[in-house]
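Fold and contact review
Chain residues, written in single-letter form:
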Amino acid sequence: KKRLRLWVLNVNMTANKPLNEEHVESVKSWMEQILDKKYTDFWEEIRDGVELCELLNKIKPGTCAKFKKSKIVFMARNNLNIFRQGCINIGIDEGRVIIPGDLYDRQNLNQVISNLYSISGKSAKYGFKGPVLEQPEPEPEPQPEPEPEPEAEPEA
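These numbers were taken from a predicted model, which means no experiment stands behind them.

Reading guide: rules and limits
Residues numbered from 1 in each chain as written. Predicted model: local features only at pLDDT ≥ 70, side-chain atom pairs only at ≥ 80, totals over all residues. Heavy atoms only, no water. pLDDT = per-residue confidence, 0-100. Contact = heavy atoms within 4.5 Å. Axes fitted to C-alpha atoms, helices over the stretch in contact; angles between N-to-C directions. Helix = DSSP H or I, 4+ residues; strand = E, 2+ residues; numbered from the N terminus. Parallel < 35°, antiparallel > 145°, perpendicular 65-115°, else oblique. Left-handed = near helix turned anticlockwise from the far one by under 90°.

So, on to the confidence of the model for the protein chain. The predicted model of the protein chain has a mean per-residue pLDDT of 86, with 77% of residues at 70 or higher. Contacts of residues 1–12 to residues separated by more than four positions or lying in other chains number 8 contacts, the stretch itself having pLDDT below 50.

Right, let's talk about the packing of helix α2 (residues 21–35) against helix α7 (residues 109–123) for a bit. As a packed pair, α2 and α7 sit with axes 10 Å apart at the nearest point and diverge in direction by 50°. Looking at the two axes, α2 sits oblique to α7. As α2 packs across α7, the resulting crossing turns out to be left-handed. Residue-level contacts link H23, V24, S26, V27, W30 and M31 of α2 to I113, L116, Y117, I119 and S120 of α7.

Attention shifts here to unusual backbone geometry. Its identity as a non-glycine residue notwithstanding, D36 has a phi of 55°, on the positive side. Take D36: it is sitting in the loop between α2 and α3 (42–46).

What follows is the structure, encoded as structure tokens:
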């Protein structure tokens, strides 16, 4: 229960953070190199999960099976679940793996980016010789403003 609660807290925190466009561009470029494609509308073109399944299969062949290109919402969500299971199968912690709504409904694109960085980090374990994403520096957590010192009362 504690692990699930932390995961939910983490997901909620990342969902509310603004998207780091530099990280998005890095991930997009990395996927373009591996899949030998150019994306004109990155989020829309990976939305159905097919590109993500193909990415996992490049890193570890056979990781994702039975996914297919479709404009039907059910099929796209199914592809995203196949991708999710593939990520778990290669050893990515469930808390870092997307759920279909993160990408398909664009509810948490930060989670998508985090998931893709995790895949890159695991790729060498499977003998993948292609490009690897450089892990981003963690963004500093905002520090709470210090409480103002109470004014000393004048001595009588």
